[in-house]
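# Chain and residue survey
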Amino acid sequence: MDKNDTDVKVQAIDMEALLKRFQEEVLEGTDEEKKAIVESFLITLAKN
Amino acid sequence: MDGMLRYEERIRRISKALNRDKPDRVPVVLKLYGWLVQYYGYSMEDFYVNKPQIAVEIYGKAIEEFGFDGVFNANNVTPIAATRELGGGLYQVGEDGIQVSNLSAHIMKADEYALIRDDFIGFLRDVILPRRFSKLSGGNAETAFQAFKAAYEKYKWYMGSVVQDHAEIEKAGCPIMWGKGVLIHPIDFIMDYLRDFSGVLVDMRRQPEAVLEAAHAMQRYFIEKVYPKFQPFADGHGVFWPMHLAPYLKPKDFERFYWPFLKETLEYCINRKIYAGLFMEGSWEPYYDLLQDLPDNNYLIGSLEKGDYKKFKEKLGKKFTLCGGVPVSVLGYKTKEECAAHTRQLIDDCAQGGGFIVDTDMAVLTLNDAKPENIKTVIQTVMEYGQY
């Protein structure tokens, strides 16, 4: 049996959907402003 | 003299050095970082994570006791409080400050450069963040959302405190010079956060075009979306640029992979009157000739870790304000007399004509790195011997 056959598959997070909801529910401002905040935060997280 | 008057006196001294005017004396702007945290008995965990506001106490005490003219930056903009909410992250805090965690920076695969080229932000969102943070790596979507939201709240709280704290520190008389934002070299971004040192060097050899295409896509994003947020800052304040890979490259690789992005970004800053404090890791001596292609300007501050300072000043004094000259090893291991002699020689070599600021050659991270009496001796020597 291939090892992968025994691995438990974990559902990947749909990050695009997560961020869409984040923009709608958490952030304030215009769509353009929200997009800029999200992108800036993504870069910050990628660097940390 | 109250804090604001001392601030103005110090900022005037630094600004004159940047503008190649002669200040009353050579300024001293230091990178004491974690050394100050330990010297005043605070915990690194509190400074970097739980209580960012203690920076006000630390720098307030330091400017009183040591009387330097300012700090290069305050080194407290790493949002560990936020990344912990997501599980993981590149950095952790130990007794001796921030260190790279066991999680390697090597989280991008060699065949993924085209993903950066095609959609840099989408690549970070869909590929890198789920690999870096356990709470985004899979499982329950609601848990991931709540973690992301909590991380953002912590980030807002932490950075909000840092901005407020820096204003308080300056009111107390301590200019925080070059930390208003961070410039990023795309090749350093790949090395520091995606492929690690060995990965990027192998990639540059095996798939140079793929690396360059990705780097160009990142550079375009930084120039069009990130750097326009940086406006000219008052009083010589500006942004920070830690540069890492350059001294480890062969000259022909430097010219191909590093120099074009470096030059474009520096010219961007010069043209927009944005001061940029560059931490030039390692020795840049092989590139002194190439750096002469930059236009004469007053906006670049070169904090040089190694290399010939006198030669740098002679060759590049119209391109960079030279900042540095005091090795941390001198502060840690030499006598006070040797520190004074080193400082006098440094001033003789580099102070003529302005455009020079005394600083440590690299960040002083822990209390063991430097003796307090040696730091005081260097500052005192500059005050006495560094008069114009």
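So, a few notes on the structure that sits alongside this text. Sequence order as written defines the numbering, with residues in each chain counted from 1. Chains and ligands are labelled sequentially in the order written, the chains with letters from A and the ligands with numbers from 1. Per-residue local features are limited, in this predicted model, to residues with pLDDT of at least 70; the limit for side-chain atom pairs, both in listing and counting, is 80 or more; totals at the level of whole chains, interfaces and linings are taken over all residues. Water and hydrogen atoms play no part in the side-chain values, which are based on all heavy atoms of the structure.

## Quick look at the nonpolar core
Side chains of nonpolar character tend, in soluble globular proteins, to be buried together. Put simply, the rule is: Each nonpolar core is a collection of buried residues, namely Ala, Val, Leu, Ile, Met, Phe, Trp, Tyr and Cys, held together in the definition by side-chain atoms within 4.5 Å. Exposure classes here rest on a 1.4 Å probe applied to the protein chains alone. A residue is buried below 20% of its type maximum, exposed above 50%, and partly exposed in between. Helix and strand labels come from DSSP, where a helix needs a run of H or I of at least four residues and a strand needs a run of E of at least two; each type is numbered from the N terminus. Only heavy atoms enter the contact rule, under which two residues are in contact if any of them lie within 4.5 Å.
Among the nonpolar cores identified, the biggest contains 137 residues, and Phe68, Phe189 and Trp284 of chain B are the most heavily contacted of them. The element that contributes the greatest number of residues to this core is helix H11 (residues 251–271) of chain B, accounting for 10 residues. With sequence-adjacent residues up to four places away left out, phenylalanine 189 of chain B is seen in contact with Ile43, Ala46 and Lys47 of chain A together with Phe120, Leu124, Ile184, Leu194, Met218 and Phe222 of chain B. One finds Val29, Tyr275, Ile357 and Ala363 of chain B within the second-largest nonpolar core, a separate group that totals 18 residues.

## Description of the layout of surface pockets
Definition in use: Throughout, the protein atoms alone are placed on a 1 Å grid, and a set of points is a cavity if a 1.4 Å probe fits but cannot get out or a pocket if it is open with protein on both sides within 12 Å along at least five of seven lines; lining residues have an atom within 4 Å of a point. Grid points are joined across faces, edges and corners, and a volume is the space filled by probe spheres set on the points.
Here the second largest pocket is characterised by a volume of approximately 280 Å³. Lining the second largest pocket we find 14 residues, and of these Leu19, Gln23, Lys35 and Val38 of chain A together with Arg125 of chain B sit closest to its centre. Breaking the lining of the second largest pocket down by element, the ones donating at least two residues are helix H1 (15–25) and helix H2 (31–46) of chain A together with helix H7 (120–132) of chain B.

## Section: the pairing of strand E7 (residues 275–280) of chain B
Residue and element names in this part refer to chain B. Here is the rule: In this description, strands pair whenever DSSP reports at least two bridges between them. Crossovers are marked right-handed if the path from the first strand over the helix to the second runs clockwise, as seen with the strands pointing away from the viewer.
Buried residues dominate E7, accounting for six of its six residues. Residue alternation in E7 divides its side chains into two sets, Tyr275, Gly277 and Phe279 and Ala276, Leu278 and Met280, and both sets are buried. Where strand E6 (residues 238–243) meets E7, six bridges bridge the pair, whose relative direction is parallel. Paired with glycine 238 across the two strands is tyrosine 275, which belongs to E7. In this fold, the crossover linking E6 to E7 by way of H11 has right-handed handedness. As paired elements, E7 and strand E8 (residues 300–304) share five bridges and run parallel to each other. Opposite leucine 278, over in E8, you have glycine 302 as the bridge partner.

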